[in-house]
Amino acid sequence: MTADLVSPCRGCQMSRTPCRFGADDFVALSETAARVRLACPAAFEGGPRVAHGGWTAAVFDDVLGRFLVHTGVKSVTATLTVDYLLPVPVEQPLEIHLEIAAREGRRNHLTGVLRLQGSDRDLAVARGVWVELRPGHFERHQARMAELGT
Ligand SMILES: CCCCCCCCCCCC(=O)SCCNC(=O)CCNC(=O)[C@H](O)C(C)(C)COP(=O)(O)OP(=O)(O)OC[C@H]1O[C@@H](n2cnc3c(N)ncnc32)[C@H](O)[C@@H]1OP(=O)(O)O
């Protein structure tokens, strides 16, 4: 696989707007590794000129899951842990390096590291498990919701 652009999530595709988390510049480097260049939009400021921790977690969830779909594995997040090591500045060039660390049956273990572009200091590190979907995943969800009358 050569370096190629990873598609936006369903929400960004449907709304036809740029990535809501700012993760448009997202390229696969190999079948197991990718790189994202992004900035935290000011709208996600949590402290003074500092990103809300929810933005950081959401971005990791977004890009790690999207990369797995890009490799042909339709999956959902089962676990996601984020170590917040240093404040993440808003509106500054950032970079995420991510990789598929291991595959065990339907379980896919992914990791991601967030840094300022050009820096080797980790700001946040994510680890998670994505479970490959069984056929009919969303149909079963809809049926459960119908049973609840929603
Ligand atoms: C355009 C195309 C779009 C393609 C579709 C793309 C969709 C993108 C969605 C966007 C991403 C999201 O936001 S996802 C949204 C947030 N996440 C969710 O909604 C997931 C909600 N949870 C679930 O639906 C379920 O719990 C699943 C799917 C994760 C697992 O249910 P299941 O399918 O019945 O599978 P199950 O037999 O329980 O587990 C299968 C294997 O995974 C392991 N496993 C299950 N849960 C966990 C867990 N929390 N931590 C560790 N391991 C786990 C089990 O031990 C088992 O291992 P073994 O015995 O096999 O070894």
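Residues numbered from 1 in each chain as written. Predicted model: local features only at pLDDT ≥ 70, side-chain atom pairs only at ≥ 80, totals over all residues. Heavy atoms only, no water.

The name given to the protein chain in an unreviewed UniProt entry is Acyl-coenzyme A thioesterase THEM4, and the organism recorded there is Brevundimonas bullata. Listed under Sequence similarities (unreviewed entry) in UniProt, the entry text for the protein chain is "Belongs to the THEM4/THEM5 thioesterase family." (UniProt positions renumbered as here; feature names shortened; annotations may be inferred.)

Asker: I keep staring at the overall build of the protein chain and nothing clicks. Help me out?
Answerer: Looking only at helices and strands, the protein chain features three helices and nine strands. Listing every helix and strand of the protein chain by position from the N terminus yields β-α-β-β-β-β-α-β-β-β-β-α. In summary, the protein chain has a C-alpha radius of gyration of 16 Å against a globular reference of 15 Å for 150 residues, a match within 12%. With respect to the principal axes defined by its C-alpha atoms, the protein chain has extents near 45 × 35 × 30 Å. Counting every position in the protein chain, which comprises 150 residues, the buried fraction comes to 32%. The contacts of the protein chain with a sequence gap of at least 6 include a subset with a gap of at least 24, amounting to 63%. Approximately 8600 Å² of the protein chain is accessible, and the part contributed by carbon and sulfur atoms is 54%. Here the protein chain holds 17 positive side-chain charges and 17 negative ones, and the gap between their average locations is 5 Å. (Helix = DSSP H or I, 4+ residues; strand = E, 2+ residues; numbered from the N terminus. Rg over C-alpha atoms; globule rule 2.2 N^0.38 Å. Buried < 20%, exposed > 50% of the residue type's maximum accessible area, 1.4 Å probe, protein only. Contact = heavy atoms within 4.5 Å. Areas by Shrake-Rupley, 256 points an atom, 1.4 Å probe, with all protein chains shown as cover. Lys, Arg positive; Asp, Glu negative; His and termini not counted. Charge placed at Lys NZ, Arg CZ, Asp CG, Glu CD.)

Asker: Mind showing me how you'd approach the side chain of serine 75 here?
Answerer: Looking at the element boundaries, serine 75 is found in strand β6 (residues 75–84). Take serine 75: its relative accessible area is 13%, and that puts it in the buried class. Once you skip the residues sitting within four places of it in the chain, serine 75 turns out to touch Leu68, Trp130, Val131, Glu132 and Leu133.

Asker: Where do I start with the sheet that holds strand β2 (residues 25–28) in this structure?
Answerer: Each strand in a sheet pairs with its neighbour through backbone hydrogen bonds, running either in the same direction (parallel) or in the opposite one (antiparallel). In space, the seven strands of this open sheet follow the order β1-β2-β3-β7-β8-β9-β6, with antiparallel pairing throughout. What marks the edges here is a single partner per strand, and that holds for β1 (4–5) and β6. As paired strands, strand β8 (residues 107–116) and strand β9 (residues 124–132) are joined by eight bridges and run antiparallel to one another. When the sheet's bridge partners are listed, histidine 109 is paired in β9 with valine 129. Of the strands in this sheet, β1, β2, β3 (33–38), β6, β7 (94–104), β8 and β9 are in contact with helix α2 (residues 53–70), which crosses β6 at around 140°. (Pairing = 2+ DSSP bridges. Axes fitted to C-alpha atoms, helices over the stretch in contact; angles between N-to-C directions.)

Asker: Would you mind going over the packing of aromatic side chains with me for this structure?
Answerer: Aromatic ring pairs are reported here in terms of the distance separating the ring centres and the angle at which the planes meet. Applying the stated criterion across every chain, the model contains one aromatic pair. When the centroid spacing of 6.1 Å and the interplanar angle of 50° are considered together, the rings of phenylalanine 21 and phenylalanine 44 count as tilted. Residue phenylalanine 21 is found in the loop between α1 (10–15) and β2, and its partner phenylalanine 44 is found in the loop between β3 and β4 (45–47); the two are separated by 23 residues along the sequence. (Phe/Tyr/Trp six-rings, centres within 6.5 Å; stacked < 30°, edge-to-face > 60°.)

Asker: What is the right way to look at the nonpolar core in this model?
Answerer: Generally speaking, nonpolar side chains in soluble globular proteins are found buried as a group. By size, the foremost hydrophobic cluster in this structure holds 34 residues, and its most contacted members are Ile96 and Leu98. If you list the elements that add at least two residues to this core, you get β2, β3, α2, β7, β8 and β9. Of all the elements, α2 adds the most residues to this core, at eight residues. Those residues in contact with isoleucine 96, other than ones at most four positions away along the chain, are Ala34, Arg35, Val36, Leu38, Val59, Phe60, Val63, Val113 and Leu114. (Core = buried A, V, L, I, M, F, W, Y, C linked by side-chain atoms within 4.5 Å.)

Asker: Could you clarify how one ought to interpret the environment of valine 131 in this entry?
Answerer: Among the structural elements, valine 131 can be located in strand β9. Separated by 55 residues in sequence, valine 131 and valine 76 place their C-alpha atoms 5.6 Å apart. Ignoring any residue separated from it by four or fewer positions in sequence, one finds valine 131 in contact with Lys74, Ser75, Val76, Ala78, Arg106 and Arg107.

Asker: What exactly am I supposed to notice about unusual backbone geometry here?
Answerer: Only a minority of non-glycine residues have a phi that is not negative, and only a minority of peptide bonds are not trans. With phi around 60°, arginine 49 is a residue other than glycine that occupies positive phi space. Here arginine 49 shows up in the loop between β4 and β5 (50–51). Overall, arginine 49 belongs to the partly exposed group, its relative accessible area being 45%. One non-glycine residue with positive phi stands out, namely glutamate 91, at about 55°. With respect to the helices and strands, the residue glutamate 91 is situated in the loop between β6 and β7. On the basis of relative accessibility, which here comes to 46%, the residue glutamate 91 falls in the partly exposed class.

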